[in-house]
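Here are the chains, one letter per residue:
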Amino acid sequence: MSFENRRAAGIKSSPSMAIAMAAKKLATEGHDIIDLSLGEPDFEPPTHVAEAAVDAIRKGGIRYGAPAGMENLRQAIVKKLRTENRLDYSADEVMVANGAKQILFDVFLATLEPGDEVIIPTPCWVSYGDIVSLHGGEPVYLNCGADAGFKLSSEQLEAAITPKTRWLMLNSPSNPTGAIYSADEFHKLAEVLARHPRVLVVSDEIYEHVLLSDTPFISFGEACPQLRDRTLIVNGVSKAYAMTGWRLGYAAGPRALMSALNKMQSQSVSCVSPVAQAAALAALTGDQAFVGEGARIFAGRAKIVAGRLAEIEGIDFIAPDGAFYAFIGVGRLIGRRTADGEILGDDTAFAAHLLQTFGLSSVPGAAFGAPDFIRLSIAASDRELETACDRLAAMVASLT
Ligand code: PLP
């Protein structure tokens, strides 16, 4: 018997989570597995983060709080947005949630009418489309290929907007491609949006600080201030401060929108744990050296991986500008035969063979709306990354 309603049945569990669990199972059974499926920093947050959380617990008074988050944390976010992104928001235009992911739940729950369309450029993060569907919306995927730098063009956007379009989802730096939009590229999209006043913009900036090249990051809000009253900036501490498990994301947007999102929070989670909020406050207001150091480490790893992947014949690879993934084109290898005689029919079969026979866990591109690719996280030690590249090279060499 199925317990799921139509909406729940229509979506899948997070594919990257499912693959990570499969890799863990193989590892516990004694297989030698390198798991590069999940996107999380492989180091601990700065020590003052844990200390702030412990202090908060010791002090007591861990009670329900405001759905939007603690005033001092929201003030710290206001300051962060002003100093780092030149964005001017007041504390009541800012909120915190249990991860950036929950912000997306809040926003689509609060704003989508059944059948409203959400434009999602692909390749995109695995969860966007399913979160939209879960809330009765229609994801409209727009394929942005490698030749376009994996970025949405103004022509594509213009052609996709219909009277039902409600949101445009942007993500720069992008998971999985690492693409970063320039101010000019954002301006071109904004020119289109200016003609369509009903369309709102989510700008997911969670990888803001994970910069791997000289390409600078710019917030959509900074590039397009004229769209401030219909832009939601989404960010969080998961990636920049290695705090994925603390579950703390935040958003900034026009007051009426934030008030709608807070209503969702008040009737769902009530508030974010004050312990996590104390930790996030310490992260945002403490010494920021950690953030730059993290980016330097990832940039070094990206270089190692780029060098090694360039030596593998048959794959296609564009070095990422941001985030911590290698998005690898394997389309030219689809249809080839493994040593066991199995024909690799698609990227999912490719990733399965890479895991089962060569002990390297990746996420197939189909999960990101981009078949013919696999994604490897580079959030692993230099040695693991070298071994991972050895294994990928060995697999590719074994195909006939
Ligand atoms: N947005 C993107 C593009 C992500 O890759 C992720 C996590 O992988 C998230 C949002 C979710 O972040 P959080 O941990 O804050 O929920």
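Residues numbered from 1 in each chain as written. Predicted model: local features only at pLDDT ≥ 70, side-chain atom pairs only at ≥ 80, totals over all residues.

Under an unreviewed UniProt entry, the name given to the protein chain is Aminotransferase, and the source organism is Shinella sedimenti. As its UniProt record puts it under Sequence similarities (unreviewed entry), the protein chain is described as follows: "Belongs to the class-I pyridoxal-phosphate-dependent aminotransferase family." (UniProt positions renumbered as here; feature names shortened; annotations may be inferred.)

(A) Structural detail: the domain arrangement of the protein chain. By domain assignment, the protein chain separates into domain 1 (6-44 + 290-398) and domain 2 (61-287). Inter-centroid distance (C-alpha atoms) of domain 1 to domain 2 is 26 Å. Elements supplying a minimum of two residues to the side of domain 1 that touches domain 2: α2 (15-28), α12 (289-310), β10 (325-329) and β13 (373-377). Counting residues per element, the side of domain 1 that touches domain 2 draws most heavily on α12, which supplies seven residues. Of the residues in the side of domain 1 that touches domain 2, the class split is 20 nonpolar, nine polar and seven charged. (Domains from an automatic or database assignment. Helix = DSSP H or I, 4+ residues; strand = E, 2+ residues; numbered from the N terminus. Nonpolar A, V, L, I, M, F, W, Y, C, P; charged D, E, K, R; others polar.)

(B) Here's a closer look at the sheet that holds β10. Within the open sheet, the four strands sit side by side as β9-β10-β13-β12. Their pairing is antiparallel. Either end of the sheet is taken by a strand with one partner, and the two such strands are β9 (316-317) and β12 (363-364). With two bridges joining them, β12 and β13 adopt antiparallel strand pairing. Bridge pairing links proline 364 to isoleucine 374 in β13. (Pairing = 2+ DSSP bridges.)

(C) Up close: unusual backbone geometry. With an omega of 0 degrees, the peptide bond running from threonine 122 to proline 123 counts as cis. Positionally, proline 123 belongs in the loop between β3 (117-122) and α6 (128-134). Here the amide bond leading from serine 172 into proline 173 is cis, since omega sits at -10 degrees, within 30 degrees of zero. Mapped onto the fold, proline 173 is located in the loop between β5 (165-171) and α8 (183-194). A positive phi is found at phenylalanine 150, a non-glycine position, where the angle reads about 60 degrees. Of the residues examined, phenylalanine 150 has 22 C-beta atoms within 10 Å and is grouped as buried. Despite not being glycine, aspartate 372 has its phi angle at roughly 85 degrees, a positive value. (Buried ≥ 20, exposed ≤ 12 C-beta atoms within 10 Å, placed from the backbone.)

(D) Structural view of the site of the ligand. Within the structure, the ligand sits among 13 residues, and Gly99, Ala100, Lys101, Gly236 and Ser238 are positioned closest to it. A breakdown of the residues in the shell around the ligand according to their chemical character gives three nonpolar, eight polar and two charged. (Near = placed C-beta within 6 Å.)

(E) Here's a closer look at the pairing of strand β8 (residues 249-252). Burial of the side chains of β8 extends over both faces: Gly249 and Ala251 are buried on one face and Tyr250 and Ala252 on the other. In the sheet, strand β2 (residues 94-97) pairs with β8 via four bridges, with the strands oriented antiparallel. Among the inter-strand pairings, alanine 97 is bridged to a residue of β8, identified as glycine 249.

(F) Looking closely at the pairing of strand β7 (residues 231-236). With six of its six residues buried, β7 lies for the most part within the structure. In β7, alternate side chains face the same way, and those of Thr231, Ile233 and Asn235 on one face and Leu232, Val234 and Gly236 on the other are all buried. When strand β6 (residues 200-204) meets β7, the two strands line up parallel, connected through four bridges. Each residue of the ladder has a partner; that of serine 203, found in β7, is isoleucine 233.

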